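If you want the building blocks of each chain, they are given just below.
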Amino acid sequence: MTERGAKKPAAVLVGVQLEGVHDEEFRSSMAELGRLVSTLGYEPIGEVVQRREQLASSAVLGEGKLEELGALTGGKGRVPAPAKAKPNKARDRFEKRGGVDEDDSDESDVEESDEDSADTFADGRRRPKLVAVDHELSPSQARNLEKACGVTVLDRTGVIVEIFHRHARSREAKLQVEIARLKYVVPRLREGSGGDRQRGGIGGKGAGETALELDRRRVRDRIAEIEREIASLQRDQDNRRARRKDAMRVALVGYTNAGKSSLMRALTGSEVYVEDKLFATLDTTVRALQPETRPRILVSDTVGFIKKLPHDLVASFRSTLDEAHEASLLLFVADASDPTFRSQLAVTREVLSEIGALDTPTQLLLNKCDRLSAEQREELSLEFPEALQLSAHSPEDVSRLRDWLIAHFDRSLEELELRAPHRIAGALAAEAHARGRVLDEQWDDEGVTLRVRATIEDAARLRSMAG
Ligand SMILES: Nc1nc2c(ncn2[C@@H]2O[C@H](COP(=O)(O)OP(=O)(O)OP(=O)(O)O)[C@@H](O)[C@H]2O)c(=O)[nH]1
Ligand SMILES: [Mg+2]
């Protein structure tokens, strides 16, 4: 078989199926981990699954499974006794890459060239460069696993943080990801046992405990510095938002890959990024519904949610979640063609309730219905009678959604009649056209009479203008 271009580096997935976890739930979680790993730029080529009642405390996997993993990755397949611990190259490389210095090289890869970096083994099998574990790892578990398999180990949180790191585009998103990374790496430094950590870690200067202390302080200082910068960026944003405040706003929220950005594109004619991968969107975009309405309706696209979204990321993506907070309507987008969309909806609700955005009215959109049969759609309409079924790829569906939005917001508008003498009639009419929908406009000798629909705030403002 001939190959075009460079292959993605290979990765191995590790899953631990604890007692009481159903096969289906476990499989879907592993499949999602596989998609996350592909999004990060790796190709999953193998899997090691451990079934057990409880996690083994030291290295997550039992002896047999550890050997199985070692055989796949070319590692020892066991955790060396602590006394013989050697410098852990894999983790050093990883941590160095995520250093405190601002590294914009999004394309940097986990592996670096050294004697372990050949792409294949002597027998031609591909050599994995990453082991991704679908379970939260303690810092020492991660290190032990790394020692046993000889390649970088990331847990689900680590994979997600790395994806966010690669994809963040705006200044604020980049800073927020950096905080999440620093917070993810710092606890690992804290548990460092000195010996195997001397040259590793963030900054990587000096030797021994002193360097470690220094590193931790530098990390803390850097986090404080970033937080200050974010606060100042957010002040600017708040100002911008304040100017938009009078507009009617809807936010697209939902699980990653549900089709939020596709709907955003279709509704607003904007060129936001759409991609069949998890976490394509990490920055909020706000655009007016097109063709523009009077008053304008603003639509915001937001970052997608995922189960076990690292807490630091939830907290740090304040700005994007603020959009959800400030919207007067949330459109819950679900990929109805995904068999697990019900639990995805539950995750979305959970995260939104965590940030206190669930007081906002919501409307469920069952997207990707083009992939469903007529019977499936019928069943869904019985299960979710209030939901709108649609496809972001169907112009008719999108136009129906637009009409639905206009009708929804229309209910919150006030209809008022205004009269103004010639002295201010021109200004009043201009303002009424700019802010509201003018239903009727009559000019006579005395001045103007207008019938207008506008938001409560704008209605009050127009009234006071008319005097
Ligand atoms: N068949 C079908 N595919 C869709 C539909 N809507 C979106 N897609 C596809 O689903 C994938 C994800 O779409 P996006 O719009 O990027 O999803 P998103 O919710 O913004 O995802 P993130 O930004 O990663 O959270 C893309 O490949 C889209 O082309 C739809 O209605 N039908
Ligand atoms: Mg998106």
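Here the structure is shown first, and the text comes after it.
What counts as what
- Residues numbered from 1 in each chain as written.
- Chains lettered and ligands numbered in written order.
- Predicted model: local features only at pLDDT ≥ 70, side-chain atom pairs only at ≥ 80, totals over all residues.
- Near = placed C-beta within 6 Å.
- Helix = DSSP H or I, 4+ residues; strand = E, 2+ residues; numbered from the N terminus.
- Nonpolar A, V, L, I, M, F, W, Y, C, P; charged D, E, K, R; others polar.
- Core = buried A, V, L, I, M, F, W, Y, C linked by C-beta atoms within 7 Å.
- Buried ≥ 20, exposed ≤ 12 C-beta atoms within 10 Å, placed from the backbone.
- Domains from an automatic or database assignment.
- Contact = placed C-beta atoms within 7 Å.
- Axes fitted to C-alpha atoms, helices over the stretch in contact; angles between N-to-C directions.
- Left-handed = near helix turned anticlockwise from the far one by under 90°.
- Pairing = 2+ DSSP bridges.

(A) How the structure looks around the site of ligand 1. Taken together, 22 residues lie near ligand 1, and Gly259, Ser261, Asp276, Thr281 and Gly304 sit nearest. Ranked by residues supplied to the shell around ligand 1, first place goes to helix 8 (residues 260-268) with three residues. Residue composition of the shell around ligand 1, grouped by class: six nonpolar, ten polar and six charged.

(B) How the structure looks around the nonpolar core. By size, the foremost hydrophobic cluster in this structure holds 81 residues, and its most contacted members are Leu69, Val131, Ala132 and Ala334. When residues of this core are assigned to their parent elements, the largest contribution, six residues, is made by strand 1 (residues 10-18). Of the residues that make up this core, three or more belong to each of domain 1 (10-168) and domain 2 (246-410). With residues up to four places along the chain from it excluded, the contact list for valine 131 reads Val12, Val14, Leu69, Thr73, Leu145, Cys149, Val151 and Val153. Counting residues in hydrophobic clusters, the runner-up holds ten residues, among them Leu428, Val448, Ala454 and Ala466.

(C) Representation of the packing of helix 1 (residues 23-39) against helix 5 (residues 156-167). At a minimum axis distance of 9 Å, the contact between helix 1 and helix 5 shows a crossing angle of 35°. By crossing handedness, the relation of helix 1 to helix 5 is classed as left-handed. For the pair helix 1 and helix 5, contact is made by Leu33, Leu36, Val37 and Thr39 and by Arg156, Val159, Ile160 and Ile163, respectively. Its residues placed into classes, the contact of helix 1 with helix 5 shows six nonpolar, one polar and one charged.

(D) Representation of the pairing of strand 5 (residues 248-254). A large share of strand 5 lies buried, amounting to seven of its seven residues. Residues of strand 5 alternate between two faces, with Met248, Val250, Leu252 and Gly254 on one and Arg249, Ala251 and Val253 on the opposite face, all of them buried. Direction of pairing for strand 5 relative to strand 7 (residues 297-301): parallel, over a ladder of five bridges. Note that in strand 7 the partner of leucine 252 across the bridge is aspartate 301. Strand direction decides the pairing type here: strand 5 and strand 8 (residues 329-335), joined by five bridges, are parallel. When the sheet's bridge partners are listed, glycine 254 is paired in strand 8 with valine 333.

No statement about biological role is implied by the geometric values presented.
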